[in-house]
Amino acid sequence: MYISFADFQKVDLRSGTVVKVEPFPRANKPAYKVWVDFGNNIGIKQTSAQVTMHYTEQTLMGRQVVGCINLEPKNIAGFMSEFLLVGFPDTKGNVCLVTVDPNVENGEKLF
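For the structure given in this document, a descriptive report is provided here. Small disclaimer: the values here were computed from a predicted structure and weren't measured.

What to know about the pattern of salt bridges
Argument step 1. Applying the stated criterion to the full structure yields three salt bridges.
Argument step 2. We note a salt bridge from Arg14 to Asp12, for which the minimum N-O separation is 2.5 Å.
Argument step 3. Residue classification places Asp12 among the buried positions, given a relative accessible area of 14%.
Argument step 4. In this structure, Lys20 and Glu22 form a salt bridge, with 3.5 Å as the shortest nitrogen-oxygen distance.
Argument step 5. A residue is classified by how much of its surface remains accessible, and Lys20, at 38% relative accessible area, is partly exposed.
Argument step 6. Looking at Glu22, the relative accessible area reads 27%, which means it is partly exposed.

Have a look at this one:
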């Protein structure tokens, strides 16, 4: 199924840097609470991410990532998720995060 370029542009994927990570024991599956700085115009947003198989709190800190920032906020086990951290599944279904190489300014829009 094809979508128009105009429809693709509605998906707001932005670059950001992880600035805070905490364990999320209340989540149904192993997860972290993650805060990402999307630059001055957007600011810091929080999300829950099931990325514990490939990443530790330490390896996430300072990592530049990609997030979809215009999805409707979602309450996950009492924690408000404000964006979707995007990635691909490995062969076992564990999330491998989309990153930026080389780094770009926080808040840049994917096009």
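What to know about the nonpolar core
Argument step 1. Counting residues in hydrophobic clusters, the biggest one holds 15 residues, and the most contacted among them are Val18, Val36, Val51, Leu60 and Leu97.
Argument step 2. Every element with two or more residues in this core is listed here: β1 (13–23) and β2 (32–37).
Argument step 3. It is β2 that contributes the most residues to this core, three residues altogether.

A few points about the pairing of β2
Argument step 1. Burial runs high along β2: five of the six residues are buried.
Argument step 2. Judged from the six bridges that link them, β2 and strand β3 (residues 44–49) form a sheet pairing that is antiparallel. Opposite Val36, over in β3, you have Lys45 as the bridge partner.

Thoughts on the pairing of strand β4 (residues 64–68)
Argument step 1. Burial of β4 is extensive: five of the five residues sit out of reach of the surface.
Argument step 2. Burial along β4 is two-sided: Gln64, Val66 and Cys68 facing one way and Val65 and Gly67 facing the other are all buried.
Argument step 3. The pairing of β4 with strand β7 (residues 84–85) spans two bridges and is classified as antiparallel. By the bridge assignment for β7, Cys68 is matched with Leu84.

Definitions and limits used
All residue numbers refer to positions counted from 1 along the written sequence of the respective chain. Residue-level local features of this predicted model are given only where pLDDT is at least 70; pairs of side-chain atoms are given and counted only at 80 or more, and the full residue set underlies all totals for whole chains, interfaces and linings. Computation of side-chain values covers all heavy atoms of the structure but excludes hydrogens and water. Note on definitions: salt bridges are taken to be side-chain nitrogens of Lys or Arg within 4 Å of carboxyl oxygens of Asp or Glu. A 1.4 Å probe rolled over the protein chains alone gives each residue an accessible area, and that area as a share of the maximum for its type sets the label: buried under 20%, exposed over 50%, partly exposed in between. Among the buried residues, those of types Ala, Val, Leu, Ile, Met, Phe, Trp, Tyr and Cys that are joined through side-chain atoms within 4.5 Å form a nonpolar core. Each helix corresponds to a stretch of at least 4 residues labelled H or I by DSSP, and each strand to a stretch of at least 2 residues labelled E; elements are numbered beginning at the N terminus. In this scheme, strands are said to pair when DSSP sees at least two bridges between them.

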